Amino acid sequence: IITDTQITSETDLNSMTNEIVDELCSYLQIKQIIGKYQLIQAEQRINKIAILIKPFVSQNIDISKMTIELCDGDQYTILFFNGTAGSIRSHSLFEHPLWDSMTNATFGILSTIDDDNSIINSHLINKNTDMTFIIIKLPDENAMNKDDSLVLTILPSPGIGRTVTLEAPLPIKNVVTLYE
């Protein structure tokens, strides 16, 4: 691996290599993960998470066969697609009506770029230009406080799972980046 800095530790190089291999094997690229702080039980907590994904190559990735695993260190949860998909073009991300159909055991999809409407109509990511948000609504008792972490694994079909660790930053603003 060639880096643009002179001082790169072996641990950093191993971490970068592992992340690249994970992305290639999962067929999905995680572009960004953002969350929204809201007042829950008199505390600022994150209970809405949006994961922007994009495939590396054009192929059929069936969203209805995708699962998401969440682990906060105390609880391990598997989420399944709730069968609902919408377009981000019609509403803002965290105020979209699709959030109302979310349960503690499901995730939804909000399409951002989908030339053939395959994401909304067939629940398929089929082009390398497709881009969509996976949206997750955490139950109030599991909403993230400042400095909390959450291990998230996306298990596409086909592909190998892609795991990232989300960390809740200081709630200086309502919408925050959890992973870039």
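Scroll up to find the structure this text is about.
Remember, it's a predicted structure, so these values are computed and weren't measured experimentally. (Residues numbered from 1 in each chain as written. Predicted model: local features only at pLDDT ≥ 70, side-chain atom pairs only at ≥ 80, totals over all residues. Heavy atoms only, no water.)

Participant: Would you explain the overall build of the protein chain in this entry?
Facilitator: Regarding its fold elements, the protein chain presents 2 helices and 11 strands. When the helices and strands of the protein chain are placed in sequence order, the string is α-β-β-β-β-β-β-α-β-β-β-β-β. Counting across all 180 residues of the protein chain, residues that qualify as buried make up 42%. Entry remark: accessible area of the protein chain is about 9300 Å², with carbon and sulfur atoms responsible for 50%. (Helix = DSSP H or I, 4+ residues; strand = E, 2+ residues; numbered from the N terminus. Buried < 20%, exposed > 50% of the residue type's maximum accessible area, 1.4 Å probe, protein only. Areas by Shrake-Rupley, 256 points an atom, 1.4 Å probe, with all protein chains shown as cover.)

Participant: Looking at this structure, I do not really get the sheet that holds strand β4 (residues 67-71). What am I missing?
Facilitator: By definition, the strands of a sheet pair up through backbone hydrogen bonds, in either a parallel or an antiparallel sense. Reading across from one edge, β10-β9-β4-β5-β6-β8-β2-β1-β11 is the order of the 9 strands in this open sheet, with mixed pairing throughout. If you trace the sheet from one side to the other, it starts and ends with β10 (162-167) and β11 (175-179), each paired once. Each strand of the sheet is rotated relative to its neighbour by a mean of 30°, with strand direction disregarded. Note that strand β1 (residues 28-40) and β11 share 4 bridges and pair antiparallel. Opposite Lys-36, over in β11, you have Val-175 as the bridge partner. (Pairing = 2+ DSSP bridges. Axes fitted to C-alpha atoms, helices over the stretch in contact; angles between N-to-C directions.)

Participant: Would you take a moment to explain the pairing of strand β9 (residues 149-155) for this structure?
Facilitator: Side-chain direction in a regular strand flips from residue to residue, so the side chains alternate between the two faces of the sheet. Pairing of β4 with β9 involves 5 bridges; the strand directions are antiparallel. Of the residues in β9, the one forming a bridge with Glu-69 is Thr-153. The pairing of β9 with β10 spans 6 bridges and is antiparallel. If you follow Val-151 over to β10, its bridge partner there is Thr-165.

Participant: So what exactly am I meant to see when it comes to the packing of aromatic side chains here?
Facilitator: A complete count under the given rule lists 2 aromatic pairs for this structure. Taken together, a centroid distance of 5.7 Å and an interplanar angle of 45° make the contact between Phe-81 and Phe-107 tilted. On the criterion of sequence distance, the pair formed by Phe-81 in strand β5 (residues 76-87) and Phe-107 in strand β6 (residues 106-113) is long-range, its members being 26 residues apart. Of the two residues, Phe-81 and Phe-107, both sit in the buried class. (Phe/Tyr/Trp six-rings, centres within 6.5 Å; stacked < 30°, edge-to-face > 60°.)

Participant: Please explain the pattern of salt bridges as it appears in this structure.
Facilitator: Pairing between side chains of opposite charge can happen when the charged atoms of each approach one another. According to the stated counting rule, one finds 2 salt bridges in the structure shown. The residue Lys-36 makes a salt bridge to Glu-95 at a minimum N-O spacing of 2.6 Å. With Lys-36 in strand β1 and Glu-95 in the loop between β5 and β6, this residue pair connects regions lying 59 residues apart in the sequence. Residue classification places Lys-36 among the buried positions, given a relative accessible area of 14%. Ionic pairing is found between Asp-147 and Lys-146, a salt bridge with its closest N-O pair at 2.8 Å. Residue classification places Asp-147 among the exposed positions, given a relative accessible area of 59%. (Salt bridge = Lys/Arg side-chain N within 4 Å of Asp/Glu carboxyl O.)

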